[in-house]
Amino acid sequence: MQIVRGSNSKYGKDVAQRISESVPRTAQLQALFDTYPNGVRHGGTFLLGSLQGEAGQSLKINIDVNSPWFLSGKDFESGDGIGGITKVLMAGRNWTMKDVADHFHDYMGQDYVAPPENPIKPHLAEVQQPPVEVKQPEQVVPKRVITYDTPYDGEYDYLSGDGEVLCTVRKYYDREETGEIVLDNAGKPKKQFRQFINERAGIPEIRPLYNIPNILSSDTVIWVEGEKCADALNMFGLTATCTLGGAGMLTDRVTEKFDFTPFKDKNVLVWPDNDAAGKKLAAIVENQARLAGALSVTMMKIPADKPEKWDAADAIDEGFDVGRFIKLSQTKIKKAISLLDDSLLISKMFQGRAPEQKFLISDTIPLSVPVVFAAAGDSGKGMMTLDLAMKVASGASMQRSFGGLVSHFGKAIILSAEDDKDEIHRRIERLDPHNNRRHYDHELRILPLPNLGGVFPMMQKIDNTYVMGAEFERIYDQILDMDNLVLLIVDPMASFVHADINADPAAGAAFMGLLAQIATETGATVMVNHHMAKIRDNDPITTPEQARNLIRGTSAIVDGVRCAFSVWQVDEKTARERCKDLNIPYARNTVFDGAVVKSNGPANREIRKFIRNSDTGLLEDRSEDISSLSTSDRFAERKRHVLDLIQMREYQGLALTTSGRNDGIFEIIRTLPPIELSVAALKGVGETTLKNTVTALLESGQIGKYRKTAGGPLNLLGVTGGPLDTCSYVAHSSGATDQNH
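Residues numbered from 1 in each chain as written. Predicted model: local features only at pLDDT ≥ 70, side-chain atom pairs only at ≥ 80, totals over all residues. Heavy atoms only, no water.

So, the overall build of the chain
Next up, step 1: Within the chain, the secondary structure is distributed over 22 helices and 32 strands.
Next up, step 2: Looking at the chain residue by residue over its 741 residues, the buried ones come to 44%.
Next up, step 3: In the chain, 63% of the contacts between residues at least 6 apart in sequence involve partners at least 24 apart.
Next up, step 4: Accessible area of the chain: about 38000 Å², with a carbon and sulfur share of 49%. (Helix = DSSP H or I, 4+ residues; strand = E, 2+ residues; numbered from the N terminus. Buried < 20%, exposed > 50% of the residue type's maximum accessible area, 1.4 Å probe, protein only. Contact = heavy atoms within 4.5 Å. Areas by Shrake-Rupley, 256 points an atom, 1.4 Å probe, with all protein chains shown as cover.)

Structure representation (structure tokens):
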């Protein structure tokens, strides 16, 4: 049961009604919010645990200033009703009716006479139920009546464009009896504000913005919550403003009482306080600035590591790099389009030389754009993008990836939805066996989400609207704080979209739009791994156009990105021929083609030929090797390797023969491990082809046949001018003998 001090007489009711009618509803709201700092605003309702002031939701108070039930409500646990600001203050601050009337004295009019204290029982409660003994609170909040003559802790003048004072706002800190300032739960001073016009309490009918003269003379304006924050930025050499009354006065229902016209044709940056109320207020200002005709409006993202209620004044006090924060926000400005803007004229917009197209991978993958990388399952997309990220972060030049040279270096991030930490570790170890990653020039951060609580949506569908997922929004705020980020990899696309991206064109377009936004705001290439439709073995892909048409999902996916790259398996006959040309064993899932299948700018669209590295599992571009191996080139290459092998064995004292069980050249190539380059290159070459190669070397005089003993056959192979040719050959086995031609 709630006990209040005061009188239930008709006289008391008349005073309460007069207070309700005379005091502006915004001032009543401010008194409510000051009385109950633990309350939560939810639309037009104020939620509280009870009139004692604890947090909760059992007490609901109407705060819709346009409602006939303004400041009415009910405590659904106790059954107590609430009706008006008088009862709120009498209950919440333990005030009498006279205390409340004195508090609002300046609004009551000159004919107002304060009610007397109850002369009979001034400290007893009048209750609706039989009286019960109730302990008085240990500490009674003292009343505080504020007038224009009350000493204040800060003063702020709201000026017109001509410098006329429209309103003065004064700040009053709550203080202990000792004079010490009372702090709230966040460690900030508890305070109250009062507005005055010509030394009398009051608020302009149309509420102005703060710092109007400087707004009118500036191109860029920063809105913050509160005059203290605005002045802190103004002292920093910027132009800042705020709205009158802060979060307590401006709501969606009373926006018509506020004048945002000074924002017309300005670039407006909105810097919210870091709490729910601050962000809600900032969203209202953002919308009103757009409606007022602002050239651009940008909501600034508060860094994720900042505490509750952190604001612009805190930023300056702690030495935060405000200039950089603002500069990063300005790069994300979205300007309103006006066909009357002369900057859109071709003669003004396109002057001088066009900027050069920058590439992450030369002539293949552009920088700062969204990219789709598509391939069938088990093709190795994850390995290729991991290899790319490692090369981008390494800073080492002359490295190839996706068929081109890596040409831009910097920080990289991989979001992996399917591969866990152990699998990624194994892949990294294969790609970097010497642990060079310890000395990379730039950072590479990998998020194996199976080990970090699971996958979160980058985009999801809520009430037929596609929005950024809350968890990704938090991480994205951190991404925006990173310098020199050049690559963000999302693997795979389908895991990060909670919408039917494959069937719904709107979902595809929305996600591609989100990727474009991320690429623009970060300056990084955003590459998403995606699947291609399965193909029949008897109907292989032969052109980039076919590959593009097989990328899964609606056309909005490919249409919505600047670049798409695909890899696909070639038919078995072609795969076997390439393996034979490269002298490597044939295996399924080893030979692929790849190409840029979509590009909005210049790009090398030639088909690149990829071969899977048997040691790392990485698809490597071998296009140059394969194209250079014409029939004559392959024969010359084979002759060189045979000559190298014969020379190496001769100098080791292990000369080869044209045929033989232990020293025949064909048998040696077949049985030796492919450690030496010549042996590895000749693996898979047929015996007849090898004999023809030896014959060609004999005919050209580059090698000869020699005897092992004076009377032995001419069957040892040696190079011209070598140990066998100069009679200095020493066999590796014991009992060396002389050799003769």
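Let us keep going from here.
A few points about the pairing of strand β13 (residues 296-299)
Next up, step 1: Relative to β13, strand β12 (residues 267-270) runs parallel, the two being bridged by 4 bridges. Bridge assignment links L269 to a residue of β13, and that residue is T298.
Next up, step 2: Following the backbone out of β12, through helix α7 (residues 276-291) and into the adjacent parallel β13, one traces a crossover that is right-handed. (Pairing = 2+ DSSP bridges. Right-handed = clockwise from strand over helix to strand, strands pointing away.)

Considerations on helix α6 (residues 227-235)
Next up, step 1: All buried positions along α6 are accounted for by E227, C229, A230 and L233. The arc enclosing the buried residues of α6, seen along the axis, measures out at 160 degrees, which places them on a common side.
Next up, step 2: Positioned one or two residues after α6, G237 has a phi angle of 95 degrees, which is positive. (Arc of directions from axis to C-beta.)

Focus on the pairing of strand β31 (residues 703-707)
Next up, step 1: As paired strands, β31 and strand β32 (residues 714-719) are joined by 5 bridges and run antiparallel to one another. Residue pairing across strands places I703 opposite V719, the latter belonging to β32.
Next up, step 2: Hairpin geometry of β31 and β32 is characterised by an intervening segment of 6 residues between the two adjacent antiparallel strands.

Looking at the packing of helix α2 (residues 25-35) against helix α3 (residues 85-92)
Next up, step 1: Remark: α2 packs on α3, axes separated minimally by 10 Å, with the N-to-C direction vectors making an angle of 20 degrees. In terms of orientation, α2 and α3 fall into the roughly parallel class. Pair α2 / α3 crosses with left-handed handedness. Packed against α2, whose contacting residues are Q28, A31, L32 and T35, the element α3 presents I85, V88, L89 and G92 at the interface.
Next up, step 2: Residues of the contact of α2 with α3, tallied by class, amount to 5 nonpolar, 3 polar and no charged. (Axes fitted to C-alpha atoms, helices over the stretch in contact; angles between N-to-C directions. Parallel < 35°, antiparallel > 145°, perpendicular 65-115°, else oblique. Left-handed = near helix turned anticlockwise from the far one by under 90°. Nonpolar A, V, L, I, M, F, W, Y, C, P; charged D, E, K, R; others polar.)

Examining the nonpolar core
Next up, step 1: Counting 78 residues, the largest nonpolar core has I19, L32, I85, F104, F263 and W271 as its most contacted members.
Next up, step 2: When neighbours within four sequence positions are excluded, I19 is seen to be in contact with Q28, I85, T86, V100, A101, F104 and M108.
Next up, step 3: In terms of nonpolar packing, the next biggest core, distinct from the first, is built from 41 residues, M458, M459, L485 and M493 among them. (Core = buried A, V, L, I, M, F, W, Y, C linked by side-chain atoms within 4.5 Å.)

Considerations on the packing of aromatic side chains
Next up, step 1: According to the stated counting rule, one finds 15 aromatic pairs in the structure shown.
Next up, step 2: Taking the centre distance of 6.1 Å and the plane angle of 70 degrees together, the rings of F456 and F496 count as edge-to-face. One end of the pair, F456, is in the loop between β20 (444-448) and β21 (459-462); the other, F496, is in the loop between β23 (485-491) and β24 (497-498), and 40 residues separate them in sequence. For the residue pair F456 and F496, the accessibility class agrees, reading buried in each case. (Phe/Tyr/Trp six-rings, centres within 6.5 Å; stacked < 30°, edge-to-face > 60°.)

Some words on the packing of helix α11 (residues 381-394) against helix α12 (residues 421-431)
Next up, step 1: As a packed pair, α11 and α12 sit with axes 11 Å apart at the nearest point and diverge in direction by 60 degrees. The angle between α11 and α12 places the two elements in the oblique class. Crossing angle aside, the handedness with which α11 passes α12 is right-handed. Each of G382, M383, L386, D387 and M390 in α11 lies in contact with α12, whose residues at this interface are I424, R427, I428, R430 and L431.
Next up, step 2: Across the contact of α11 with α12, the residue classes tally to 6 nonpolar, 1 polar and 3 charged.

What to know about the sheet that holds β21
Next up, step 1: Taken together, the 3 strands give an open sheet; going across it, the order is β22-β21-β24, and neighbouring strands pair in mixed fashion. Unpaired on one side and paired on the other, β22 (465-468) and β24 mark the two borders of the sheet.
Next up, step 2: By the bridge criterion, 4 bridges tie β21 to β22 in an arrangement that is antiparallel. Looking across to β22, one finds that K461 is bridged to Y466.

A few points about the sheet that holds strand β3 (residues 59-62)
Next up, step 1: An order of β1-β2-β3-β4-β5 is seen for the 5 strands of this open sheet, with the pairing classed as antiparallel. The open sheet is flanked by β1 (40-42) and β5 (81-83), the only strands paired with a single partner. The mean inter-strand angle of the sheet, taken between neighbouring strand axes irrespective of direction, is 20 degrees.
Next up, step 2: Two elements, β1 and strand β2 (residues 45-48), share 3 bridges in a ladder whose sense is antiparallel. Looking at the pairing, H42 lines up with T45 of β2.

Section: the pattern of salt bridges
Next up, step 1: Counted under the stated rule, the structure contains 27 salt bridges.
Next up, step 2: Note that D419 is salt-bridged to R427, the shortest N-O span being 3.1 Å. No difference in accessibility class separates D419 from R427, as the two residues are buried. (Salt bridge = Lys/Arg side-chain N within 4 Å of Asp/Glu carboxyl O.)

Focus on the environment of R41
Next up, step 1: With respect to the helices and strands, R41 occurs in strand β1.
Next up, step 2: By relative accessible area, which is 32% here, R41 ends up partly exposed.
Next up, step 3: Note: C-alpha distance between R41 and I63 (22 residues apart in sequence) is 8.5 Å.
Next up, step 4: Once residues lying within four places of it in the same chain are set aside, the contact partners of R41 are F33, F46, I63, A247, G248 and A277.

With respect to the confidence of the model for the chain
Next up, step 1: Model confidence for the chain is summarised by a mean pLDDT of 85, while 89% of its residues fall at 70 or above.
Next up, step 2: The low-confidence segment residues 134-142, where pLDDT is below 50, has 7 contacts with residues more than four positions distant or belonging to other chains.
Next up, step 3: Taken together, the stretch residues 734-741 has pLDDT below 50 and engages in 22 contacts with residues farther than four places along the chain or on a different chain. (pLDDT = per-residue confidence, 0-100.)

Re the environment of Y706
Next up, step 1: By secondary structure assignment, the location of Y706 is in strand β31.
Next up, step 2: Linking Y706 and V719, residues 13 residues apart in sequence, is a C-alpha distance of 10.0 Å.

Focus: the side chain of S401
Next up, step 1: Looking at the secondary structure, you find S401 in strand β17 (residues 400-401).
Next up, step 2: Not counting residues up to four positions away in its chain, the partners in contact with S401 are I361, M384, D387, L388, K391 and V406.

A word on unusual backbone geometry
Peptide bonds are mostly trans, and most non-glycine residues show a negative phi.
Next up, step 1: The omega torsion of the bond from D491 to P492 falls at -10 degrees, within 30 degrees of zero and hence cis.
Next up, step 2: Of note in this structure, L71 is not a glycine but carries a positive phi near 60 degrees.
Next up, step 3: Of note in this structure, S368 is not a glycine but carries a positive phi near 65 degrees.
Next up, step 4: Following the sequence through the fold, S368 ends up in the loop between β15 (365-366) and β16 (370-375).

Let's talk about α12
Within an α-helix, residues lying three or four positions from one another point in the same direction, as the helix has 3.6 residues per turn.
Next up, step 1: Those residues of α12 not exposed but buried are I424, R427 and I428. All buried residues of α12 project into a common sector of 100 degrees when viewed along the axis, lining one side.
Next up, step 2: Buried-residue contacts for α12 involve α11, β19 (411-416) and β20.

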